[in-house]
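For reference, the chains in residue letters:
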Amino acid sequence: MTTEPGIRPATRHGRGADPAPPPPGGILWSVAGDVRALLMLPAALTMQVAHPAVGAGVDDHSVFRTDPWGRGERSLRSVMLWVYGGEAAAEEGRRLRTLHKTIMGTDAHGRTYHALTPAYYAWVHATGFPCYQHALAHLNRRPLTDAQERQLYAEWLQVGRILGIHDRDMPQTVEEFWPYYRTMLAEQIERTLVVRELTDPGLKVPPPDRGPLPVRLLLRALWPVLLPPLSTFRAFVTVGYMPPDAREALGLEWTAAQERRLRRFSRVVRGLVPRLPERLRYLPMARRARAGARAARRSGAQQRAAAR
């Protein structure tokens, strides 16, 4: 999950123009579509719903209980579009804002909420950066340097612009981010009902309803045996790859023995995944985008050579 050569800083979009996705060769281009990202996303999603307004919105309006696999698939596709979607990235951002326009209600404290309230929408986006930073320390072969961490944050800001979040609603530097983050942990987030569900190792999840019929039938028959260890593992990586300060703020138990198991598991993953061929290491949309970027570079090099 190391970065590729040619990292370029994310730039702000011009007035009236769609924001561009993070650039090929950047950090997100390398990590967002890597299969290891699947281990990071549950922690970020759980931190998002730790905000009472976000948790209430998901509790009231999401189908994560009745259609968890479809919900997860749609969320993952959205993340892939933000990074690898090209012109479709900004369109996905607009689609999400339209989708969230009707999400409103009352949270567990009796306060009204609207999904597009800037502070709530920005928190949903903000959780990605500390989760990437913490999980990469476990899952990457080398820790991010200070320069790479700054680059990751700059690219994550660009994702925020794709989502339609104004710069004034996002900390603009890493130095500004951490005080904002610590304040949110201290004053805003809590162990909401949805957080308790997502970190429950006994959570009941229906079997997958996608894929070839024989596979679905087999999974349905084996599900009573498969679900307990899968649910335990899901809760383990959700809490384990969550930044420790967020884990503490939510009162989530994490023992020294669990940390040792996480480190052993992470060593295996970071040793194995980089050795996989790209077709197994990267998710389909990422794989196609990376192949397209390489073809474009080759074509550009050939055209420059021909023009000499």
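Note that the structure is a prediction, hence the values are computed from the model and not measured.

### Digging into the overall build of the protein chain
Okay, so step 1: Within the protein chain, the secondary structure is distributed over 15 helices and 2 strands.
Okay, so step 2: Relative to the globule expectation of 19 Å for 308 residues, the C-alpha radius of gyration of the protein chain, 20 Å, shows essentially globular dimensions.
Okay, so step 3: The dimensions of the protein chain, computed from C-alpha atoms along their principal axes, are 65 × 45 × 40 Å.
Okay, so step 4: Within the protein chain, buried positions represent 45% of all 308 residues.
Okay, so step 5: In the protein chain, 75% of the contacts between residues at least 6 apart in sequence involve partners at least 24 apart.
Okay, so step 6: Looking at the protein chain as shown, the accessible area adds up to about 16,000 Å², and 58% of this sits on carbon and sulfur atoms.

### With respect to the packing of helix H7 (residues 128-139) against helix H9 (residues 174-187)
When two helices pack together, their arrangement is given by the angle between the helix axes and by the axis-to-axis distance.
Okay, so step 1: Relative to each other, H7 and H9 sit at 100°, their axes nearing to 11 Å. Between H7 and H9, the angle falls in the class roughly perpendicular. Contacts from Phe129, Pro130 and Gln133 in H7 reach Val174, Phe177, Trp178 and Tyr181 in H9.
Okay, so step 2: Taken together, the residues of the contact of H7 with H9 break down into 6 nonpolar, 1 polar and no charged.

### Quick look at the nonpolar core
Okay, so step 1: Within the largest apolar cluster, 70 residues are counted, with the highest numbers of intra-cluster contacts made by Tyr84 and Tyr132.
Okay, so step 2: Beyond its immediate chain neighbours, meaning those up to four positions away, Tyr84 contacts Leu28, Trp29, Ser30, Ala32, Gly33, Met285, Ala286 and Ala289.
Okay, so step 3: Core analysis: the second largest hydrophobic core is formed by 5 residues, Ala53, Ala56, Ile103 and Ala115 among them.

### What to know about helix H15 (residues 284-307)
Okay, so step 1: Over its 24 residues, H15 runs 35 Å from end to end, which matches the ideal 34 Å to within 8%, given 1.5 Å per residue.
Okay, so step 2: Regarding H15, the residues found buried are Met285, Ala286, Ala289, Arg290, Ala293 and Gly300.

### Focus: H7
Okay, so step 1: Over its 12 residues, H7 extends 15 Å from the first C-alpha to the last, a length consistent with the 16 Å expected when each residue adds 1.5 Å.
Okay, so step 2: H7 sits mainly inside the fold: 10 of its 12 residues count as buried.
Okay, so step 3: Along H7, the residues classified as buried are Gly128, Phe129, Pro130, Cys131, Tyr132, His134, Ala135, Leu136, His138 and Leu139.

### Some points on the environment of Ile165
Okay, so step 1: Looking at where Ile165 falls in the secondary structure, it is placed in the loop between helix H8 (146-162) and H9.
Okay, so step 2: Distance in space between the C-alpha atoms of Ile165 and His125 is 8.8 Å, their sequence separation being 40 residues.

### Structural notes on the side chain of Thr46
Okay, so step 1: As for its position among the elements, Thr46 is in helix H2 (residues 37-48).
Okay, so step 2: A relative accessible area of 1% means that Thr46 is categorised as buried.

### Points about the environment of Leu144
Okay, so step 1: Position of Leu144 relative to the elements: it lies in the loop between H7 and H8.
Okay, so step 2: The spacing of Leu144 and Gly271 is 127 residues in sequence and 17 Å in space, taken between C-alpha atoms.
Okay, so step 3: Each residue touching Leu144, except ones within four places of it in the same chain, is listed here: Leu136, Glu149 and Leu152.

### A few points about the environment of Ser299
Okay, so step 1: Its location among the elements puts Ser299 in helix H15.
Okay, so step 2: The exposure class of Ser299 is partly exposed, given its relative accessible area of 31%.
Okay, so step 3: Taking the C-alpha atoms as reference, Ser299 lies 34 Å from Gly128; in sequence the two are 171 residues apart.

### Things to note about the confidence of the model for the protein chain
Okay, so step 1: In the predicted model, the protein chain carries a mean pLDDT of 91, and the fraction of residues at 70 or more is 95%.
Okay, so step 2: Segment residues 2-14: pLDDT under 50, and 34 contacts once partners within four positions in sequence are set aside and those in other chains are kept.

### Some thoughts on the pattern of salt bridges
Okay, so step 1: For the structure on display, the rule yields 17 salt bridges.
Okay, so step 2: Taking the shortest distance from any N to any O, the salt bridge between Asp34 and Arg281 comes out at 2.9 Å. With Asp34 in the loop between helix H1 (27-31) and H2 and Arg281 in helix H14 (residues 278-281), the pair connects residues that are 247 residues apart, well separated along the chain. Exposure class is identical for Asp34 and Arg281. Each is buried.
Okay, so step 3: Each of the salt bridges in this network shares a partner with another, and the network as a whole consists of Asp67, Glu73, Arg74, Asp209 and Arg210.

About the cut-offs
- Residues numbered from 1 in each chain as written.
- Predicted model: local features only at pLDDT ≥ 70, side-chain atom pairs only at ≥ 80, totals over all residues.
- Heavy atoms only, no water.
- Helix = DSSP H or I, 4+ residues; strand = E, 2+ residues; numbered from the N terminus.
- Rg over C-alpha atoms; globule rule 2.2 N^0.38 Å.
- Buried < 20%, exposed > 50% of the residue type's maximum accessible area, 1.4 Å probe, protein only.
- Contact = heavy atoms within 4.5 Å.
- Areas by Shrake-Rupley, 256 points an atom, 1.4 Å probe, with all protein chains shown as cover.
- Axes fitted to C-alpha atoms, helices over the stretch in contact; angles between N-to-C directions.
- Parallel < 35°, antiparallel > 145°, perpendicular 65-115°, else oblique.
- Nonpolar A, V, L, I, M, F, W, Y, C, P; charged D, E, K, R; others polar.
- Core = buried A, V, L, I, M, F, W, Y, C linked by side-chain atoms within 4.5 Å.
- Expected span 1.5 Å × (residues − 1).
- pLDDT = per-residue confidence, 0-100.
- Salt bridge = Lys/Arg side-chain N within 4 Å of Asp/Glu carboxyl O.

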